[in-house]
Amino acid sequence: MTSSPAETSAPDSGLPGHGPTGPGRPGDRPDGSGPGGTGSAGSGPAGSGPVGPGPDGAERRGSGWAARLLHPDPVVRRLATLTLVNTAGSGLSLSVNVLFFTRVLGLSAAQLGVGLTVAGLCGVIASVPAGRAADRWGARPVLVTLVAVNGVGTACYALVHGYPAFLALACVVCAVDRGAAAVRNALYAEVLPADRRVAGRAYLRVVTNVGICLGTALGAIALQVDSRPAYLTAILGDAVSFAVVAVLFHRLRVPAAERPAAAPAEDGGTGGTGARAAGERAKGARRRNPALRDGPFLVVTALNALLCLQFAMLEVGVPLWVVQQTHAPRITVAGTLIVNTVLVIALQVRATRGTEDPATAARVCGRAGLILAASTLVIALAHGLPPLVAAAAVLGGVALQALGEVFAQAGGWALSYDLAGERDHGAYQGVYNAGASAALMIGPAVVSTAVVGFGLLGWAALGALLAAAGLAMRPAVRWGRRRRGALAQA
């Protein structure tokens, strides 16, 4: 299920609603309590409780349903609480957004569509400078600021009168939302050890889907009441969740970044000349965005963006296909979201296993592309079949899509961190997030016209594109590793 790319899944629009939250450094506890980790970010075998150190330092295996659901690492648990609050607010507003803007604010469908497109473009542009800001001032303070601004902007929707005000506010909200998503990803690199980041993100993505479901259930109440006060309550509830999350982020302990040792003096005396020269070189390097000059990383970013077209396929292509081109019951549309959500919750953590190795992560992306291609073909075959058979084909195709989704997300997360190394995570995550945001912005138009509009041929073309993007990850990653090796030897 995607609400935002959230553990995006995928990036958000400019409407109220937001993605999940994010998290160290090997050897340090992210809560600042001292060296040493507190538990693995991975999960134990199916049916077993998580493993974590007991009070005496010995490993303890949890028991009972709570132990099986709660993560053994207290930092990830804290982040999971942030994520749950964050995404519950997102689900609350996402369920009422369209009706709020069309029925309460009086926008036409065309105005809303144009507004979201323009706001989405603002979000794409904002991701890169937000990531650079995280590198300069730290991910946590930048994230707290962006989340707080997002909360204020969301609340201001209740004061909007007229299309120009809506358009301006939507651009601001989407820009800070997409910027916050990039900074969250950089925060993972600061508070989760390198070997636990992907598994930690997978766990938070599961929590994301749970939070979206809870928020959507609450939003259903507002939909049933169907009144201006009910819709305003939902929107303001989302704004309150932003405020709570900003406070919780402010209280999150982040390990102090390790600073390189001072450069030795080159003048043989005070050391001022050498230190100043080194400082000037570092300052000059910081003015340039390293991610934008990293060819392999840009290729991986573009390939990931192509894989992100699957979200538009699920959220736009499948509903249109079911309603316009198949005999499947319309309730099948709701069934596809349920199938996707349940499978993502069940499989996302498992899908991350082994992705710590870049070569394995690239192979996982290739596998994801092939599975996604197969899902497009199965969905396309629903055309012309009897109602129940068509529904079964669509649901089967969406099940394959969910499997491909969890593999694509796991492999993409790993590569976004590995190819960046341990420096400039804000810059790299900003660029990577911008690519995904661009795919989420243009995806609905591409899928609704070039895929659904051309029927079986369109679905086949989309499948071929997804397969090619996934398989191309391996040579792109090999190029990136060669480049890193050459730079290390230089």
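Please refer to the structure higher up on the page.
Residues numbered from 1 in each chain as written. Predicted model: local features only at pLDDT ≥ 70, side-chain atom pairs only at ≥ 80, totals over all residues. Heavy atoms only, no water.

Student: For the environment of Gln-348, give the residues involved together with the corresponding values.
Tutor: Along the polypeptide, Gln-348 turns up in helix H12 (residues 332–351). According to the relative accessible area criterion, Gln-348 is buried, its value standing at 0%. Residues Gln-348 and Phe-407, 59 residues apart in the sequence, show an inter-C-alpha distance of 7.7 Å. Those residues in contact with Gln-348 that sit more than four places away from it in its chain are Ala-202, Arg-205, Val-206, Leu-343, Val-406, Gln-409, Ala-410 and Trp-413. (Helix = DSSP H or I, 4+ residues; strand = E, 2+ residues; numbered from the N terminus. Buried < 20%, exposed > 50% of the residue type's maximum accessible area, 1.4 Å probe, protein only. Contact = heavy atoms within 4.5 Å.)

Student: Lay out unusual backbone geometry in plain terms, naming residues and giving numbers.
Tutor: Look at Asp-226: it is not a glycine, yet its phi comes out positive at around 55 degrees. The class for Asp-226 is partly exposed, based on a relative accessible area of 32%.

Student: Talk me through the pattern of salt bridges; I want residue IDs and the actual numbers.
Tutor: All chains considered together, the criterion is met by 4 salt bridges. In this structure, Arg-178 and Asp-177 form a salt bridge, with 3.3 Å as the shortest nitrogen-oxygen distance. When sorted by exposure, Arg-178 lands in the same class as Asp-177, which is buried. Residues Glu-405 and Arg-205 are paired through a salt bridge, measuring 2.2 Å at the closest nitrogen-oxygen approach. Of this pair, Glu-405 sits in helix H14 (residues 387–418) while Arg-205 sits in helix H7 (residues 197–225), and the two are 200 residues apart along the sequence. Comparing Glu-405 with Arg-205, the two get one shared label, buried. (Salt bridge = Lys/Arg side-chain N within 4 Å of Asp/Glu carboxyl O.)

Student: Explain the packing of aromatic side chains residue by residue, including any values.
Tutor: Counting across every chain of the model gives 8 aromatic pairs. Between Phe-101 and Tyr-157, the ring centres sit 5.0 Å apart and the planes meet at 75 degrees, which makes this aromatic pair edge-to-face. Residue Phe-101 is located in helix H3 (residues 97–104), and its partner Tyr-157 is located in the loop between helix H5 (139–156) and helix H6 (163–191); the two are separated by 56 residues in the primary sequence. Under the relative-accessibility criterion, Tyr-157 is labelled buried at 0%. Counting every residue linked through ring pairs, the aromatic cluster contains Phe-100, Phe-101, Tyr-157, Tyr-163 and Phe-166. Above the ring of Tyr-417, the side-chain terminus of Arg-197 is found at 5.6 Å from the ring centroid. Sitting above the plane of the Phe-407 ring, Arg-367 keeps its charged end 5.1 Å from the centroid. (Phe/Tyr/Trp six-rings, centres within 6.5 Å; stacked < 30°, edge-to-face > 60°. Lys NZ or Arg CZ within 6 Å of the ring centre and 35° of its normal.)

Student: With reference to specific residues and values, describe the environment of Cys-365.
Tutor: With respect to the helices and strands, the residue Cys-365 is situated in helix H13 (residues 358–380). By relative accessible area, Cys-365 is classed as buried at 0%. C-alpha separation for the pair Cys-365 and Ala-410, spaced 45 residues apart in sequence, amounts to 8.1 Å. Beyond its immediate chain neighbours, meaning those up to four positions away, Cys-365 contacts Ala-408, Gly-411, Gly-412, Leu-415, Gly-470 and Met-473.

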